[in-house]
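Notes for the structure review
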Amino acid sequence: MEDPDVTEMKKKCNNREYVLQAVKDKGKLLEFAAPEFQDDEEVVKTALEQDGEAMEFVSDRLKDNKDMMLLAIKGAPWTACYASENLRADKDIILESVKTYGQTLYYASQELRDDEDVVRAAVTNKGLIIKYASLRLRDQKDIAEIAVKQNKESYHFLSARLKQDEQIKALL
């Protein structure tokens, strides 16, 4: 049995006033709105304020809007995975997400996987994510220590040099 809210949204998906009120109450109903409302800044902002996970249903154009992406991340940090390629290279976006959802490093641009601030924040949250850091940063002792302290399994993704380091091995 389909949720009555979904059924009603499907019927009224072209009515802007209805869509705006519906996503204010349940942001993810944006999925069933007409495409023009998934690209409407007011409707999308309203949906994201209610539920950051609504970012999944936002138009590609607005997935490239920094303010919209930051709003989604505020409510659901993992939604950075929906960011445009452009925003996956934006340090503010990725850093905001990795602070509470380290896995976002996986979606970051190669340049940001080599950014000390971004990688340090990511491994502080989730040590294992060091496997997606650049080789250079997997060989940086202070970042390696943070990762191994957070999760001992991250040792397996360190550089050969650091795997031989006595201070790193002592953390195991």
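Since the model is a prediction, treat every value here as computed from it, not as a measurement.

Scoring rules and cut-offs
- Residues numbered from 1 in each chain as written.
- Predicted model: local features only at pLDDT ≥ 70, side-chain atom pairs only at ≥ 80, totals over all residues.
- Heavy atoms only, no water.
- Phe/Tyr/Trp six-rings, centres within 6.5 Å; stacked < 30°, edge-to-face > 60°.
- Buried < 20%, exposed > 50% of the residue type's maximum accessible area, 1.4 Å probe, protein only.
- Core = buried A, V, L, I, M, F, W, Y, C linked by side-chain atoms within 4.5 Å.
- Helix = DSSP H or I, 4+ residues; strand = E, 2+ residues; numbered from the N terminus.
- Contact = heavy atoms within 4.5 Å.
- Polar contact = N/O pair within 3.5 Å; in protein donor to acceptor, adjacent residues only side chain to side chain.
- Axes fitted to C-alpha atoms, helices over the stretch in contact; angles between N-to-C directions.
- Parallel < 35°, antiparallel > 145°, perpendicular 65-115°, else oblique.
- Nonpolar A, V, L, I, M, F, W, Y, C, P; charged D, E, K, R; others polar.

1. Quick look at the packing of aromatic side chains
Tallying each qualifying case throughout the model produces 3 aromatic pairs. Measuring from ring centre to ring centre gives 5.0 Å for Y106 and Y107, while their planes differ by 90°; the resulting arrangement is edge-to-face. Here Y106 falls in the partly exposed class, since its relative accessible area comes to 41%. Judged by centre distance (4.9 Å) and plane angle (80°), the ring pair of Y106 and Y132 falls under edge-to-face.

2. Comments concerning the nonpolar core
By size, the foremost hydrophobic cluster in this structure holds 50 residues, and its most contacted members are L30, L105 and L158. Going through the elements one at a time, α1 (4–11), α2 (16–25), α4 (41–50), α5 (66–75), α7 (91–98), α8 (116–125) and α10 (141–150) are the ones with two or more residues in this core. With 5 residues, the top contributor of residues to this core is α8. Once residues within four sequence positions are removed from consideration, L30 is found in contact with V23, F37, Q38, V43, V44, A47, A54, F57 and V58.

3. Description of the side chain of Q140
Relative to the helices and strands, Q140 is located in the loop between α9 (135–138) and α10. By relative accessible area, Q140 is classed as buried at 17%. Polar side-chain contacts of Q140 include one of 3.0 Å to the side chain of D142. For Q140, the residues in contact, after removing those within four places along its chain, are E116, R120 and L162.

4. Points about the packing of α5 against α7
At their nearest, the axes of α5 and α7 sit 10 Å apart, and the two run at 5° to each other. Between α5 and α7, the angle falls in the class roughly parallel. On α7, the residues that touch K66, M69, L70 and I73 of α5 are D92, I93, E96 and S97. Of the residues assigned to the contact of α5 with α7, the class counts are 4 nonpolar, 1 polar and 3 charged.

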